[in-house]
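Coordinates in review
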Amino acid sequence: MKSNSSPTIARRISLDEIRSTIRDRICLLEHEPGSLLHEAALATEFGVSRTPIREILQKLAQEGLVESRNGIGTLVKPLDFKEIEDIYEMRLRIAPLIGELAPKPVQSCHIARTEALLDRARNLARSFDLGEYWKINHVLHFVVGELIGNVALAGMWDRLYFQAARMWYDLARSLGPEVSRSLVREVEDTLEAMHSNDVAAIGFIKRTYIAYALRLLRARQAHSSDPAPAQR
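The model shown is predicted, which means the values in this text are computed figures rather than measured ones. (Residues numbered from 1 in each chain as written. Predicted model: local features only at pLDDT ≥ 70, side-chain atom pairs only at ≥ 80, totals over all residues. Heavy atoms only, no water.)

**Quick notes on empty space enclosed by the protein**
Evaluated as defined, the whole model comprises 2 cavities of 30 Å³ or more. Empty space within the largest cavity amounts to approximately 300 Å³. Every residue lining the largest cavity is counted, 21 residues in all, and those nearest its centre are R91, N137, W168, E186 and K206. Sorting elements by how many residues they give to the lining of the largest cavity places helix α7 (residues 151–172) first, with 6 residues. As a volume, the second largest cavity reaches approximately 60 Å³. Lining the second largest cavity, in full, are G64, K77, P78, L79, D80, E83, I84, I87, Q163 and R166. Looking at the lining of the second largest cavity, the elements with two or more residues in it are α4 (81–94) and α7. The element that contributes the greatest number of residues to the lining of the second largest cavity is α4, accounting for 3 residues. The class makeup of the residues in the lining of the second largest cavity is 4 nonpolar, 2 polar and 4 charged. (1 Å grid on protein atoms, 1.4 Å probe; cavity = no way out; pocket = protein on both sides within 12 Å on 5 of 7 lines; lining within 4 Å. Points joined across faces, edges and corners; volume = space filled by probe spheres on them. Helix = DSSP H or I, 4+ residues; strand = E, 2+ residues; numbered from the N terminus. Nonpolar A, V, L, I, M, F, W, Y, C, P; charged D, E, K, R; others polar.)

Here it is as C-alpha cells:
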C-alpha cells in the first residue's frame with residue numbers, strides 16, 4: 001500500500017546518509033551520466049537547505065563522480081572508458097597493498113558479516129537483482145576496507161571503487177547470472193582467507209576479481225568498437 005506521506009523523507013537523516021544515497025544513485029545509473037543534479041529538488045527531497053546539498057555535491061566532485069559547469073550547474077560526470085580503464089589499472093596495483101601496509105586483523109564481526117553476504121550471494125545466483133547485487137558488493141567493499149590500516153590507502157581504495165562502479169554496474173545488469181556466480185566465488189574465497197586471518201590473501205583475491213571485471217569491460221568495449229558489417 002502506498003504511503004500518503006510527502007516526497008520529503010519523513011525522518012531527519014544525516015548528511016553522510018544523504019551523500020551515500022546520492023552516490024549510490026550515481027553508481028547505479030539512476031542519475032545518468034551527463035544529467036543535471038538540481039540542488040533545490042534534492043534539498044526538498046531530503047528535507048534540508050540547499051547549503052548542505054551544495055557541500056555534498058562538492059564532495060562528490062572531489063571524488064570524481066560529478067562536475068560543476070559555469071552557467072549550468074552540477075552534472076553527473078560522463079562515462080569515459082579510457083579513464084575507467086586507468087582506474088581499474090590503479091586498483092589492480094593497490095589491491096595487494098591491503099595486506100602489506102599495516103593491515104588490521106580479521107575479527108569475528110568481519111567473518112559474521114561475510115558469512116551473511118555469502119548466503120545473500122547464493123540466493124542472488126538463483127534470481128538476479130541488480131540492486132541486491134550492488135548492496136552485496138557494497139558491503140563486501142566496506143568489510144574489506146575495514147582491514148586496511150593505512151589511511152591514505154583506505155581513502156584511495158574507496159574513491160577508486162566508486163569511480164569505477166558506474167561502468168561495471170552498467171555491464172553487470174546485462175550479465176546477471178555470470179557476475180552473480182562470480183560474486184559467490186569471490187565471497188567464498190574472501191571468507192576462507194578471513195578464517196585464516198590472511199589479509200594478504202584477501203588483497204590478492206580482490207586483485208583477481210578486479211582483473212576479471214576489467215577483462216569483461218574491455219571485451220564489451222572492443223565489441224562496441226567493432227565496425228558494422230558491410231551491407232551486401
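Now that the structure is up, let's keep going.
**So, the nonpolar core**
If you look at soluble globular proteins, the nonpolar side chains tend to sit buried side by side. Counting residues in hydrophobic clusters, the biggest one holds 71 residues, and the most contacted among them are Y88, Y133, W168 and Y169. Beyond its immediate chain neighbours, meaning those up to four positions away, Y88 contacts A164, W168, I210, A213, L214 and L217. (Core = buried A, V, L, I, M, F, W, Y, C linked by side-chain atoms within 4.5 Å. Buried < 20%, exposed > 50% of the residue type's maximum accessible area, 1.4 Å probe, protein only. Contact = heavy atoms within 4.5 Å.)

**Quick word on the packing of aromatic side chains**
Counted according to the given criterion, the structure contains 8 aromatic pairs. Considering the side-chain rings of W134 and Y169, the 4.8 Å spacing of their centres and the 80 degrees angle between planes classify their relative orientation as edge-to-face. Highlighted residues: W134 in helix α6 (residues 130–145) and Y169 in helix α7, separated in sequence by 35 residues. Looking at W134, the relative accessible area reads 3%, which means it is buried. Residue Y169 is classed as buried on the basis of its relative accessible area, which comes to 2%. Judged by centre distance (6.4 Å) and plane angle (65 degrees), the ring pair of W168 and Y212 falls under edge-to-face. Taken together, the residues span a long stretch of sequence, with W168 in helix α7 and Y212 in helix α9 (residues 199–225) at a distance of 44 residues. The pair formed by W168 and Y212 is uniform in burial state, with each residue classed as buried. (Phe/Tyr/Trp six-rings, centres within 6.5 Å; stacked < 30°, edge-to-face > 60°.)

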